[in-house]
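Now for the letters of each chain:
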Amino acid sequence: MEIDIEIGQAAYGKDGVRVLTRTRAGGVESVRDACVGVRVDGDFLESYRSGGNAAILPSDTLRRHVLAEADRRPDAGLESLLGAIAARILAANPAVRRVVASAQARRWEAVGEHSFVVAPSRTTGEARLVRGEPVDLRGGFRGLELLMSTGSGFTGFMRDELTTQADASDRPLCGTLDADWTYAAGLDPPGGLAQEIAGRLVAAFADRPSNAVQQLLTGIGSDVLVQSVELAGIRLHFDSVAASPIPAALSAPGGVGTYELGVGAVGVTDVALRRA
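Residues numbered from 1 in each chain as written. Predicted model: local features only at pLDDT ≥ 70, side-chain atom pairs only at ≥ 80, totals over all residues. Heavy atoms only, no water.

K.L.:
Requested: an account of the packing of helix H4 (residues 193-205) against helix H5 (residues 213-227), with residues and values cited.
P.N.:
It is at 9 Å that the axes of H4 and H5 come closest, and there the two elements cross at 135 degrees. Classed by the angle they form, the pair H4 and H5 counts as oblique. The two elements H4 and H5 cross, and the hand of that crossing is right-handed. Contacts between H4 and H5 pair Ile197, Arg200, Leu201, Ala204 and Phe205 from the former with Leu216, Ile220, Asp223, Val224 and Gln227 from the latter. (Axes fitted to C-alpha atoms, helices over the stretch in contact; angles between N-to-C directions. Helix = DSSP H or I, 4+ residues; strand = E, 2+ residues; numbered from the N terminus. Parallel < 35°, antiparallel > 145°, perpendicular 65-115°, else oblique. Left-handed = near helix turned anticlockwise from the far one by under 90°. Contact = heavy atoms within 4.5 Å.)

Written out as structure tokens, the structure reads:
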């Protein structure tokens, strides 16, 4: 019995292209340490079906395009660089229909004239380019660790026969925030804009009371969208660890409060916001 098999999606590319760029302005040296990946799809079916590679630009050549464009544009912002990489690869092969160039970049903070320490969070960028259409640029960050010692509650939630959690009107909140945002159409994000947006997120988080992590994230994201005309939308992801009070039999008198962090599984909360 013959079965017809169709190829639903066919793409290839290169990951792990790490590029360290040094720039100097006003006597101050800066570095960008980015790990870039590219994916291309298009008219590649002959390669997948029969090994006919006439339309395939080798993945190592894609890597070299990444390096060449990074060297040509050392002062470009991460998102702008990725857009230029995508455009370069699209122009190099007429069989390519779409290019997605993405990166995670470690931030290095200067501790001397030419010495740096790595910052705890990482910035991200992505450029999606379809032939004949404008580029779609996105930014973000990963791994921003946040702690609120008071002001976070969780009360009035649904209960069933397996619910044992008690209401908490005031508890510490601890976890890790990831963010992804989409830039407004036609914007060429300048270098440093992603850090400004991250700073706005932190400022919106600071001392913000809430009765749910869901409420907290929605408030943070809404504030940032109001302040950031550069953005069309934003998505936030928060991994929270439980803050459990020390049992009364173990606690010492006179303390402000002691909690055990990280008991059990990690809570996950997501929200995506866009301009109405």
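K.L.:
Describe the nonpolar core, listing the residues and the values that go with them.
P.N.:
Formed by 57 residues in total, the largest nonpolar core has its most connected members in Ile85, Trp181, Leu201 and Leu236. What leucine 201 contacts, discounting residues up to four positions off in sequence, is Phe141, Ala179, Trp181, Ile220, Val224, Ile234 and Leu236. (Core = buried A, V, L, I, M, F, W, Y, C linked by side-chain atoms within 4.5 Å. Buried < 20%, exposed > 50% of the residue type's maximum accessible area, 1.4 Å probe, protein only.)

K.L.:
Explain unusual backbone geometry to me, using residue names and the numbers behind them.
P.N.:
One non-glycine residue, aspartate 207, adopts positive backbone phi at about 55 degrees. Among the structural elements, aspartate 207 can be located in the loop between H4 and H5.

K.L.:
Describe the sheet that holds strand S3 (residues 96-110), naming the residues involved and giving the relevant values.
P.N.:
Reading across from one edge, S1-S2-S3-S4-S5-S6-S7-S10 is the order of the eight strands in this open sheet, with antiparallel pairing throughout. Whereas interior strands pair on both sides, the edge strands pair on one side only; in this sheet they are strand S1 (11-25) and strand S10 (267-274). Taken over all neighbouring pairs, the strand axes of this sheet differ in orientation by 25 degrees on average, direction set aside. The pairing of S3 with strand S4 (residues 116-130) spans twelve bridges and is antiparallel. Bridged to valine 100 within S4 is arginine 128. Lying on the sheet, H4 is in contact with S3, S4, strand S5 (136-154), strand S6 (168-183) and strand S7 (231-241); it crosses S6 at an angle near 160 degrees. Sheet strands touched by H5: S5, S6, S7 and S10. Its angle to S7, the strand with the most contacts, is close to 150 degrees. (Pairing = 2+ DSSP bridges.)

K.L.:
I'd love a proper account of the environment of serine 121, names of residues and values included.
P.N.:
Residue placement: serine 121 occurs in strand S4. Between the alpha carbons of serine 121 and leucine 144 there is a distance of 5.1 Å; along the sequence they are 23 residues apart. Among all residues touching serine 121, those that are not within four sequence positions of it are Arg107, Arg142, Gly143 and Leu144.

K.L.:
How would you summarise the packing of aromatic side chains if you had to cite specific residues and measurements?
P.N.:
In the structure shown here, the tally under the stated rule is three aromatic pairs. For the pair tyrosine 12 and phenylalanine 44, a centre-to-centre distance of 5.3 Å together with 65 degrees between the ring planes defines the contact as edge-to-face. Of the two residues, tyrosine 12 sits in strand S1 while phenylalanine 44 sits in the loop between strand S2 (28-42) and helix H1 (45-50), which places them 32 residues apart along the sequence. Classification of phenylalanine 44 as buried rests on a relative accessible area of 1%. With a centroid separation of 4.7 Å and an interplanar angle of 15 degrees, the aromatic rings of phenylalanine 154 and phenylalanine 157 are classed as stacked. Look at phenylalanine 154 and you get partly exposed, because its relative accessible area is 25%. Given a relative accessible area of 17%, phenylalanine 157 falls into the buried group. (Phe/Tyr/Trp six-rings, centres within 6.5 Å; stacked < 30°, edge-to-face > 60°.)

K.L.:
How would you summarise the confidence of the model for the protein chain if you had to cite specific residues and measurements?
P.N.:
Overall, the prediction assigns the protein chain a mean pLDDT of 91, with 96% of residues at 70 or greater. Least confident of the elements in the protein chain is strand S8 (residues 243-245), whose mean pLDDT is 75; most confident is helix H3 (residues 78-92), at 97. (pLDDT = per-residue confidence, 0-100.)

K.L.:
Before we move on, could you go through H5 and cite the residues and values that matter?
P.N.:
With 15 residues, H5 should cover 21 Å at 1.5 Å per step; its first-to-last C-alpha distance of 21 Å lies within 8% of that length. Buried residues of H5: Val213, Leu216, Leu217, Gly219, Ile220, Gly221, Val224 and Leu225, and no others. Turning to H5, the residues buried within the fold contact S5, S6, H4, S7 and S10. (Expected span 1.5 Å × (residues − 1).)

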